[in-house]
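Residue-level listing of the chains:
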Amino acid sequence: MSVLNELYQQVILDHNKSPRNFRVMEGATKHVEGYNPLCGDHYTVYVKLDGDQIVDVSFEGAGCAISKASASVMSAMVKNHTVAEAEELFRDFHRLVKGELAGEEELERLGKLAAFAGVSEFPARVKCASLAWHTLHSALNTNETSISTE
Amino acid sequence: MTASDPTTLTEEFHKLLRIAGCRHHFPLLRQSVNGKPLVYFDNAATSQKPQAVIDAMMRYYEAENSNIHRGVHYLSERATQSYEGVRVKVKAFMNAADTRELIFVRGTTEAINLVAHSFGRAFVKAGDEILISGMEHHSNIVPWQMLCEERGAVLKVIPITDTGELQMDAVPALLTPKTKLMAITHVSNALGTVNPVKELVAMAHEKGIPVLVDGAQAVPHVRVDVQDLDCDFYAFSAHKMFGPTGVGILYGKKKWLDQMPPYQGGGDMIRSVTFARTTYNDLPYKFEAGTPNIGGGIGLGAAIEYLNELNMDAIRQFEHDLLTYATEKILAVPGVRIIGTAKEKAGVLSFVMEGIHPHDIGTILDVEGVAIRTGHHCAQPVMQRFGVPATARASFAFYNTKEEVDAFIKALDKVREVLG
Ligand SMILES: Cc1ncc(COP(=O)(O)O)c(C=O)c1O
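Residues numbered from 1 in each chain as written. Chains lettered and ligands numbered in written order. Predicted model: local features only at pLDDT ≥ 70, side-chain atom pairs only at ≥ 80, totals over all residues. Heavy atoms only, no water.

## Points about the overall build of chain B
Short version of the rule: Runs of E in the DSSP output that reach at least two residues are strands. Runs of H or I that reach at least four are helices, and both are numbered from the N terminus. Using C-alpha atoms as the atom set, the radius of gyration is obtained and then compared with a globule rule of 2.2 Å times the number of residues to the power 0.38. Exposure is judged per residue with a 1.4 Å probe applied to protein chains only, and the accessible area is read against the type maximum: over 50% gives exposed, under 20% gives buried, and values in between give partly exposed. Contacts: residue pairs with any heavy atoms within 4.5 Å of one another. Every accessible area reported is derived by Shrake-Rupley at a probe size of 1.4 Å, with residue values counting cover from the shown protein chains alone. Counted as positive: Lys and Arg. Counted as negative: Asp and Glu. His and the chain ends are not counted at all. Lysine's charge is taken at NZ, arginine's at CZ, aspartate's at CG and glutamate's at CD.
In terms of helices and strands, chain B carries 14 helices and 17 strands. For chain B, whose C-alpha radius of gyration is 22 Å, the value lies close to the compact-globule estimate of 22 Å for 420 residues. The buried share of chain B, taken over its 420 residues, is 55%. The long-range share in chain B, meaning contacts at least 24 apart out of those at least 6 apart in sequence, stands at 72%. Carbon together with sulfur atoms contributes 54% to the accessible area of chain B, which is approximately 17,400 Å² in total. Averaging the positions of the 42 positive and the 47 negative side-chain charges in chain B gives two centres separated by 4 Å.

Below you can see the structure in the form of structure tokens.
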């Protein structure tokens, strides 16, 4: 596979074209704005919590294919998981895009997230892939209403 | 001489031919990126350096390095002579009237900050106005904003049209009795627009208002004549005109510089110091505190000599052809919209592609060996004006070729293939 196809995998192209959970959420427990001033990527991530259970996640905004697909995959993956599980995924994802995962086995455990493995070959794009995750992390852990990657 | 004069035509042809043959003077351009020959289209960010500039700086450090203006010894004399010799080259390059009107600075940003600080201290009070335009680089916005905040002055902005030109009919009303300075870019880094600076200066001078021109994007592309423009200040950076980073020039008319307090205090800018009182040095040294970037200055001198050799008018002609070619080609790519379609443009092709974010364009082009810039280009108000979060920008220099434009267009097809 060429390095471009590895970056823009089918999963990413698909989620970029038809992002899941791409909507404003009424009655969200929390929403946080995430902004990457360098490239202008700009999203709001919404979460609805029931205790420490994430019952709904959505997002809206605009940005590059990598950032949008990442937000979409994230929203699909953390729904119906606990806050602690989402945080665990965030840590894995971070290691994945930094190219720090141990091997195939770990990659398999990540399911759809593994589509972002190619990002590690493009250091300039790590921030794009991580923007939604940082925003979600902020929503789950802080009282911030907006974050910026710079 | 008329265009049909055979000697003129041959001369023109030879000048263009010389430019077409100069690519090999730039060692960096000889490399491959991601297995593809490098196509460097990020010249508006910084330009590459010819061997002559690299050699001149190396020679300085190998044989002349020493501090200037303060030694009695041989090397210091020689370094001082070389460095001051650059001021003479700059004078001719931009047709300044006097070397005392040329101040060495770190770059365009520092030049503008110097004026905002010193001119601002001397002349700007609460309620006064500074006039800029809607297509300025952040470095010709923020220093004025800071000054206005400090002084209680007001920042006014000349609007821009849908084609990316200044709305000239809005200018007279914006030049008011309160306007203390107009600060305007010669060539826009985000749009490529060449502004009618001479006309703007005349309009401002009619009301006694001085004008600063940000020349960062102009000096690599067009012949600059500060006496003809009649501007009061002109700022540029060496690194965008094939010289090194960390050095640039502020031109200022003596009548203004004489009335402005120093920018920084320190060595070289004084005549005498006691604890009771310091008297300042003459121009231009009053504005040159501390040991300057001597090696960088030498590099700037070599870049000017190199450009003189090629001839700025021939460069303008050559680049005009290249930009026209690239514009025609890119308009044939489905979904492309050019941002900045002014009649007079230099060196810059800013564009967006339907449904594809500029950042993705930049990554795919890079894999194909084509270096462009994507983002807001330090001109966020321009992005807001055109309703885009960012653009992709290809920017050219005289060492670029039509073959490179073809490679760039082919890479855009790849973008559509991957993401379309
Ligand atoms: C129009 C314009 N003005 C000012 C600057 C700032 O130049 P420097 O960063 O060299 O100080 C730039 C550089 O990008 C520019 O394009």
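## Let's talk about the interface of chain B and chain A
Quick note on the threshold: Using a 1.4 Å probe, buried area is obtained as the accessible area two parts lose upon being combined, added over both of them. A pairing counts as a salt bridge when a side-chain nitrogen of Lys or Arg comes within 4 Å of a carboxyl oxygen of Asp or Glu.
Listed as interface residues are 16 residues of chain B and, on the opposing side, 18 residues of chain A. Taking both partners together, chain B and chain A bury about 1,300 Å²; carbon and sulfur atoms supply 61% of that area. The largest share of the area that chain B buries against chain A comes from B:His359, B:Asp360 and B:Thr363, three residues that together contribute 35% of it. Here chain B and chain A share one salt bridge between them.

## Re the sheet that holds strand 13 (residues 336–338) of chain B
All names here are of chain B. Stated formally: By definition, two strands form a pair when at least two bridges between them are found by DSSP. Note on definitions: angles span 0 to 180 degrees between N-to-C directions of axes, and those axes are lines fitted to C-alpha atoms, for helices only across the stretch in contact.
Pairing within the open sheet is antiparallel, and its four strands lie in the order 13-14-17-16. The open sheet is flanked by strand 13 and strand 16 (373–375), the only strands paired with a single partner. With direction set aside, neighbouring strand axes in the sheet form an average angle of 30 degrees. Of the pairings in the sheet, the one linking strand 16 to strand 17 (residues 391–395) comprises three bridges and is antiparallel in character.

## Here we look at the environment of B:Glu328
Residue and element names in this part refer to chain B. For Glu328, the position within the fold is in helix 11 (residues 312–331). What makes Glu328 exposed here is its relative accessible area of 56%. Sequence-wise, Glu328 and Ile304 are 24 residues apart; in three dimensions their C-alpha atoms are separated by 32 Å.

## Some thoughts on the pattern of salt bridges
Per the counting criterion, the structure on display carries 26 salt bridges over all chains. With its nearest N and O atoms 3.2 Å apart, the salt bridge here joins B:Asp313 to B:Arg223. One end of the pair, B:Asp313, is in helix 11; the other, B:Arg223, is in the loop between strand 8 (211–214) and helix 8 (226–229), with 90 residues separating them in the sequence. Classification of B:Asp313 by relative accessible area gives partly exposed; the value is 45%. Three or more residues joined by partner-sharing salt bridges are found here, namely A:Arg23, A:Asp56 and A:Lys79.

## Digging into the domain arrangement of chain B
Residues and elements named next belong to chain B. Here is the rule: Bear in mind that the domain bounds are from an automatic or database domain assignment. Polar contacts, as used here, are pairs of N or O atoms within 3.5 Å; protein pairs need one atom able to donate a hydrogen and one able to accept it. Residues neighboring in sequence count only if both atoms are side-chain atoms. Amino acid classes used here: Ala, Val, Leu, Ile, Met, Phe, Trp, Tyr, Cys and Pro are nonpolar; Asp, Glu, Lys and Arg are charged; the rest, including Gly, are polar.
Split into domains, chain B comes out as domain 1 (6–48 + 311–419) and domain 2 (53–308). Centre-to-centre separation of domain 1 and domain 2, based on C-alpha positions: 27 Å. Taken together, the contacts link 41 residues of domain 1 with 35 residues of domain 2. Taken together, both faces of the contact between domain 1 and domain 2 bury some 3,000 Å²; the carbon and sulfur share is 54%. Counting across the interface, domain 1 meets domain 2 through two salt bridges. Among the salt bridges present, the one from Asp162 reaches Arg385, with a minimum N-O distance of 2.8 Å. Here domain 1 and domain 2 share 25 residue pairs in polar contact (both at pLDDT 80 or more) between them. Those elements that place two or more of their residues in the side of domain 1 that touches domain 2 are helix 11, strand 14 (348–353) and helix 13 (380–386). Per-class residue counts for the side of domain 1 that touches domain 2 are 21 nonpolar, 12 polar and eight charged.

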